[in-house]
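# Breakdown of the fold
Here's the letter readout for the chains.
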Amino acid sequence: MRFTGLPTLADDSGLSVDALHGEPGVRSARYAGDHCDQREHDQLLLQNMANVADRKCKFISALALALPAEATKTVTGECRGTLLSAPRGENGFGYDHLFLYENGKTFAELSAKEKNTISHRAKSALLMRSMLQELYWV
């Protein structure tokens, strides 16, 4: 926004595991290292969760809207679930195949349309939309 002078929307998302005090969190895409693939991130996460009974976790999505003449607006969307000990499903990306949603399916077992109605990103997008409508009567 400082470079262009235009409103700018940015997001960051990650998986937060309760028993790991929020890890991998904002480092979800780099959890096992900057040059590791998703399989390596999964392996480290499952290794760190070996023999851990409390498998509660959540996906978190934060959106920030930087505006030229106003304070930055932020919202956060969350989606709670349980971390599985083995992957399930073929869709999605990242940790979707390890994240069991309350409907009994992993995000990787949902269609893109289904996931996009319940996910943390969907929730943060709706919150941002609502905030903008309230602030600017859009």
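Read on for a plain summary of the structure. Because the structure is a prediction, the values reported are computed rather than measured.

### A look at the overall build of the protein chain
Along the backbone of the protein chain there are 3 helices and 5 strands. When the helices and strands of the protein chain are placed in sequence order, the string is β-β-α-β-β-β-α-α. Looking at the protein chain as a whole, 36% of its 138 residues qualify as buried. Across the protein chain, the fraction of contacts at a sequence separation of at least 24, relative to all contacts at a separation of at least 6, is 52%. Split by element, the accessible area of the protein chain, about 8400 Å² in all, is 55% carbon and sulfur.

### So, the pattern of salt bridges
Under the counting rule described, the total for this entry stands at 6 salt bridges. Linking Asp-18 and Arg-80 is a salt bridge whose minimum nitrogen-to-oxygen distance equals 4.0 Å. With Asp-18 in the loop between strand 1 (8-17) and strand 2 (24-25) and Arg-80 in strand 4 (residues 73-83), the pair connects residues that are 62 residues apart, well separated along the chain. Residue class for Asp-18 comes out partly exposed when judged on its relative accessible area of 28%. A salt bridge links Lys-115 to Asp-96, with the shortest nitrogen-to-oxygen separation between them at 2.6 Å. Taken together, the residues span a long stretch of sequence, with Lys-115 in helix 2 (residues 112-118) and Asp-96 in the loop between strand 4 and strand 5 (99-101) at a distance of 19 residues. Looking at Lys-115, the relative accessible area reads 9%, which means it is buried.

### Considerations on the sheet that holds strand 5
Backbone-to-backbone hydrogen bonds pair the strands of a sheet. The strands run either parallel or antiparallel. In spatial order, the strands read 2-1-3-4-5; together these 5 strands make up an open sheet with antiparallel pairing. Bordering the open sheet on either side are strand 2 and strand 5, each of which pairs with just one other strand. Pairing of strand 4 with strand 5 involves 3 bridges; the strand directions are antiparallel. Directly across from Thr-82, in strand 5, lies its bridge partner Leu-100. Each of strand 1, strand 3 (56-66) and strand 4 touches helix 3 (residues 120-136); the most contacted strand, strand 4, lies at about 155° to it.

Reading the values: the criteria
Residues numbered from 1 in each chain as written. Predicted model: local features only at pLDDT ≥ 70, side-chain atom pairs only at ≥ 80, totals over all residues. Heavy atoms only, no water. Helix = DSSP H or I, 4+ residues; strand = E, 2+ residues; numbered from the N terminus. Buried < 20%, exposed > 50% of the residue type's maximum accessible area, 1.4 Å probe, protein only. Contact = heavy atoms within 4.5 Å. Areas by Shrake-Rupley, 256 points an atom, 1.4 Å probe, with all protein chains shown as cover. Salt bridge = Lys/Arg side-chain N within 4 Å of Asp/Glu carboxyl O. Pairing = 2+ DSSP bridges. Axes fitted to C-alpha atoms, helices over the stretch in contact; angles between N-to-C directions.

On their own, these measurements won't tell you what the molecule is for.
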